[in-house]
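# Descriptive analysis of the structure
Given next are the chains, with one letter for each unit.
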Amino acid sequence: MLAARPDAYFDHDADIGIIGRGETLEQAFEAAARAMFGIMADPAEIRGETPVRVSFEEQDLELALVTWLNGLLAAAREAGLALGRFSLRHEGASWTGEAWGSPWVPGRDRGTEVKGATLTMLSVKQSGQGWEARCVVDV
Amino acid sequence: MDLGALKQVEEFSWTLPLTAGEERAPVLLYGTRELLETMDNKVLEQITNVARLPGLVGTAMTMPDAHWGYGFPIGGVAAFDAEAGGIISAGGVGFDISCGIRCLRTNLDLDAVTPKLERLADNLYRTIPAGVGEEGHLKLSPSELDVVLKNGARWAVKQGFGTNEDLEYVEEHGCVPGSDPACVSDLAKKRQRGEMGTLGSGNHYLEVQVVERIFDEAAARDYGLRLGQIVVSIHCGSRGLGHQVGTDYLVTLAKAAIRLGIRIPDRELACAPIKSSEGQQYIGAMNAAINCALANRQILAHLTRDAFSWVIPEAQLETLFDVSHNTCKVEEHPVNGRRKTVYVHRKGATRAFGPNHPSLPPRYRDAGQPVIIGGSMGTGSYILAGNPESENHAFASASHGAGRAMSRSQALKKWRGRELIDELKRQGILIRTRSLRGAAEEAPGAYKDVDRVAEATEKAGLARRVAFLRPKACIKG
């Protein structure tokens with residue numbers, strides 16, 4: 001069992017640091033996505049009935065995290081959704097993910113829009129308890 | 001920031017001396033001891049890393065409002081020589097490409113506006129699309145958007161959003177050259193489809209302000225400013241298209257750096273040589289995003305005029321100036337006694353051309369370019385004027401804002417949105433926002449003292465103060 005919360009944050013002056021933790025790499029990436037979308041809307045308020053898909057090729061785990069997060073942001077904005085649930089699989093360099101959300105409605109947002117995931121404080125690490133993925137997102 | 005390792009050069013500038021065997025260009029941090037002490041140590045670390053990038057010309061610098069960013073510090077200025085292997089960096093521009101401020105002066109005085117301020121704030125709030133996920137009234141096809149990306153604010157004026165006179169007072173007359181819409185991904189264009197003419201969220205705002213203090217009578221006269229006058233400032237950028245260009249090219253440039261064997265001290269400085277294919281593609285896309293931002297602010301200026309006219313029919317709003325603070329621009333500057341063409345990254349820094357610069361409209365040739373330092377919603381903003389090259393040694397750059405003094409989570413622990421809005425109302429400042437949480441994150445106390453930033457900007461020779469603007473109504477995303 002992981003002692004720390006799967007989706008969490010760390011401080012940054014102007015932007016926000018996000019952390020995703022999980023027993024597997026995929027779970028850590030999914031938790032990072034929950035942390036990032038949790039900046040924009042309360043995940044508990046998102047029913048998650050509409051799916052979007054994100055797939056990409058990336059061998060580098062750290063760049064894969066950034067590509068995953070930015071792919072989700074783009075898919076969410078294109079579909080006009082607030083995302084709340086995430087699923088990711090990977091085989092080698094091939095990554096296939098799915099996420100579910102609900103349409104943006106006035107009042108749902110928390111007043112902060114994530115513009116993109118950055119390479120700052122970017123790390124993907126395996127520890128005894130599982131995986132941790134983190135980076136700063138630009139808001 | 002721990003100042004122990006720094007050496008004070010002048011009263012308002014500091015440097016980090018080279019250690020034995022260290023290979024990098026010099027760094028210079030502008031500001032007072034007090035301002036620098038409030039900065040995170042990461043600011044020094046980031047600008048020192050910038051100073052190690054290939055092709056850097058002169059000195060890597062931070063402005064008095066600097067804070068920890070990604071890649072470059074926010075408030076970072078660095079120029080690169082394409083002929084010497086100089087680089088272009090997406091992190092040196094920022095994701096919100098060409099984020100900036102459009103300032104409009106009005107023919108109205110505070111006394112005339114005060115009785116109608118509530119109605120005006122409500123009407124602006126209804127008229128200006130703001131907030132996460134909020135779309136504008138325009139829906140553009142990809143081919144229409146390509147025309148926007150080539151023509152910037154000129155496209156908007158052609159569509160009836162504003163006048164040709166506006167363009168005279170926008171950087172590059174509303175349209176930067178070098179835009180290549182083909183370098184902008186389809187996804188970026190799709191994201192912008194419904195976002196033209198939107199304000200966004202976070203630290204973006206539209207503010208009704210009053211000129212409360214004049215520092216430089218002559219420049220104020222040239223800028224058409226007088227005490228008690230109402231002005232409007234619109235702070236926003238290139239919206240979804242710019243964000244997508246930034247994210248699209250971040251990984252591309254990171255990989256280009258590896259492929260081309262560029263030694264970068266930290267991965268977050270993802271960059272490519274200006275002359276590489278990746279560098280050229282990013283420049284084409286970045287310029288497209290700059291034009292997108294210029295068009296966006298032009299539409300918002302038009303919507304602002306519309307909202308004013310319903311409440312105050314006699315209102316006239318003229319563009320004072322429109323200046324970006326997240327860009328990389330090709331400019332000529334004096335380097336070692338000779339003029340040189342360089343690529344100037346300004347990440348959270350404002351261009352500040354001095355008097356007689358050929359790009360300035362005739363009206364501002366004596367005063368120099370208007371420089372806008374946007375403050376928090378409770379304190380105020382400054383209009384400054386660019387200084388001659390003999391005084392500004394920062395590639396004609398100056399501060400852009402107050403700069404955050406604490407993180408958003410710290411601000412949320414300290415302030416409640418409702419209480420903050422009520423307190424500001426008691427101070428005579430009306431806030432209209434869709435998000436109380438967002439308002440708390442943007443609490444005035446979460447920012448540095450804008451007075452100190454403006455004063456340091458002036459005393460460091462970067463720009464001179466012209467007027468102080470006090471907020472009266474603020475529309476936030």
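Description of the structure in this document. Since we're looking at a predicted model, the values are computed, not measured. (Residues numbered from 1 in each chain as written. Chains lettered and ligands numbered in written order. Predicted model: local features only at pLDDT ≥ 70, side-chain atom pairs only at ≥ 80, totals over all residues.)

## A closer look at the overall build of chain A
The number of helices and strands found in chain A is two helices and eight strands. N-terminal to C-terminal, the α/β element order of chain A is β-β-α-β-α-β-β-β-β-β. Its C-alpha atoms give chain A principal-axis dimensions of about 40 × 35 × 30 Å. For chain A, the share of sequence-separated contacts (at least 6 apart) that also reach a separation of at least 24 residues comes to 63%. (Helix = DSSP H or I, 4+ residues; strand = E, 2+ residues; numbered from the N terminus. Contact = placed C-beta atoms within 7 Å.)

## Quick word on the overall build of chain B
What chain B contains, in helices and strands, is 15 helices and 19 strands. Here the C-alpha radius of gyration of chain B, 21 Å, is about what a compact globule of 477 residues would show, namely 23 Å. For chain B, with 477 residues in total, the buried portion stands at 63%. (Rg over C-alpha atoms; globule rule 2.2 N^0.38 Å. Buried ≥ 20, exposed ≤ 12 C-beta atoms within 10 Å, placed from the backbone.)

## Brief notes about the interface of chain A and chain B
One frequent convention defines the size of an interface as the accessible area lost when the parts assemble. Counting residues at the interface gives 33 residues for chain A, matched by 42 residues for chain B. Of all the secondary structure elements, the ones that give two or more residues to the side of chain A that touches chain B are β1 (7-11), α2 (61-79) and β8 (130-138) of chain A. Considering every element that reaches the side of chain A that touches chain B, the biggest residue donor is α2 of chain A, with seven residues. Of the residues in the side of chain A that touches chain B, the class split is 13 nonpolar, 10 polar and 10 charged. (Nonpolar A, V, L, I, M, F, W, Y, C, P; charged D, E, K, R; others polar.)

## Some details on the packing of helix α1 (residues 25-40) of chain A against α2 of chain A
Residues and elements named next belong to chain A. At a closest axis distance of 10 Å, the pairing of α1 and α2 adopts a crossing angle of 45°. Judged by the angle between their axes, α1 and α2 are oblique. As α1 runs across α2, the sense of the crossing is right-handed. Here α1 contributes Phe29, Ala32, Ala33 and Met36 to the contact with α2, which in turn contributes Leu65, Trp68, Leu69 and Leu72. The residue inventory of the contact of α1 with α2, partitioned by class, reads eight nonpolar, no polar and no charged. (Axes fitted to C-alpha atoms, helices over the stretch in contact; angles between N-to-C directions. Parallel < 35°, antiparallel > 145°, perpendicular 65-115°, else oblique. Left-handed = near helix turned anticlockwise from the far one by under 90°.)

## So, the packing of helix α5 (residues 142-151) of chain B against helix α11 (residues 277-311) of chain B
Residue and element names in this part refer to chain B. Remark: α5 packs on α11, axes separated minimally by 7 Å, with the N-to-C direction vectors making an angle of 95°. Viewed along their axes, α5 and α11 adopt a mutual orientation that is roughly perpendicular. Across the interface between the two elements, Val148, Leu149, Lys150 and Asn151 of α5 pack against Ala288, Asn291, Cys292 and Ala295 of α11. In terms of residue class, the contact of α5 with α11 is built from five nonpolar, two polar and one charged.

## Focus: the sheet that holds strand β12 (residues 326-335) of chain B
For sheets, the rule is that strands pair by backbone hydrogen bonds, running either parallel or antiparallel. All names here are of chain B. Pairing within the open sheet is mixed, and its seven strands lie in the order β1-β2-β3-β4-β5-β13-β12. Of all strands in the sheet, those bounded by a partner on one side alone are β1 (7-10) and β12. Pairwise comparison of adjacent strand axes, ignoring direction, gives a mean angle of 25° for this sheet. Strand direction decides the pairing type here: strand β5 (residues 74-80) and strand β13 (residues 338-347), joined by five bridges, are antiparallel. For Ala78, the partnering residue across the bridge sits in β13 and is His345. Sheet strands in contact with helix α2 (residues 41-50) are β3 (27-30), β4 (56-67) and β5, and its direction is about 160° off that of β4. (Pairing = 2+ DSSP bridges.)

## Points about the nonpolar core
With 215 residues, the main nonpolar core has Ala32, Met36 and Leu65 of chain A together with Leu253 and Cys271 of chain B as its most contacted residues. Counting residues per element, this core draws most heavily on α11 of chain B, which supplies 17 residues. Discounting residues that sit within four places of it in the chain, Cys271 of chain B has contacts with Leu53, Ile87, Ile88, Ser89, Leu253, Ala257, Ile262 and Ile264 of chain B. (Core = buried A, V, L, I, M, F, W, Y, C linked by C-beta atoms within 7 Å.)

## Quick notes on the sheet that holds strand β5 (residues 94-103) of chain A
Residue and element names in this part refer to chain A. The strand order across the open sheet built from three strands is β3-β5-β4, with neighbouring strands paired in antiparallel fashion. Each edge of the open sheet is held by one strand with a lone partner, namely β3 (50-57) and β4 (81-91). When the angles between neighbouring strand axes are averaged without regard to direction, this sheet yields 20°. Sheet topology places β3 next to β5; eight bridges connect them, and they run antiparallel. For Pro51, the partnering residue across the bridge sits in β5 and is Trp100. The sheet contacts of α1 involve β4 and β5, and relative to β4 the element is tilted by about 165°. Packed on one face of the sheet, α2 meets β3, β4 and β5 and runs near 145° to β3.

## Overview of α2 of chain B
Inspection of α2 of chain B places Val43, Leu44, Gln46, Ile47, Asn49 and Val50 of chain B among the buried residues, and these make up the whole buried set. Against β3, β4 and β5 of chain B lie the buried residues of α2 of chain B.

## What about helix α13 (residues 417-426) of chain B?
Residue and element names in this part refer to chain B. Of all the positions in α13, only Gly417, Leu420 and Ile421 are classed as buried. Projected onto a plane normal to the axis of α13, the buried residues spread over an arc of 95° and lie on a single side. Those residues of α13 that are exposed and aimed more than 90 degrees away from the buried face are Arg418, Asp422 and Arg426. Looking at the buried side of α13, the elements it contacts are β18 (430-433) and α14 (436-441). Remark: Gly428 follows α13 within two positions and exhibits a positive phi of approximately 90°. (Arc of directions from axis to C-beta.)

## What to know about the environment of Gly4 of chain B
All names here are of chain B. In this structure, Gly4 sits in the segment before β1. The exposed category is assigned to Gly4, around which 5 C-beta atoms lie within 10 Å. For the pair Gly4 and Leu16, spaced 12 residues apart in the sequence, the C-alpha separation amounts to 9.7 Å.

## Here's the deal with the pairing of β18 of chain B
Residues and elements named next belong to chain B. Taking every second residue as pointing to the same face, both faces of β18 are buried, with Leu430 and Arg432 on one and Ile431 and Thr433 on the other. When β18 meets strand β19 (residues 463-476), the two strands line up parallel, connected through four bridges. The residue of β19 that forms the bridge with Ile431 is Cys474.

## Details of unusual backbone geometry
Residues other than glycine predominantly adopt negative phi, and peptide bonds predominantly adopt the trans conformation. All names here are of chain B. Its identity as a non-glycine residue notwithstanding, Arg239 has a phi of 55°, on the positive side. Despite not being glycine, Asn336 has its phi angle at roughly 50°, a positive value. Tracing the sequence through the fold places Asn336 in the loop between β12 and β13. Judged by the 7 C-beta atoms lying within 10 Å of it, Asn336 is exposed.

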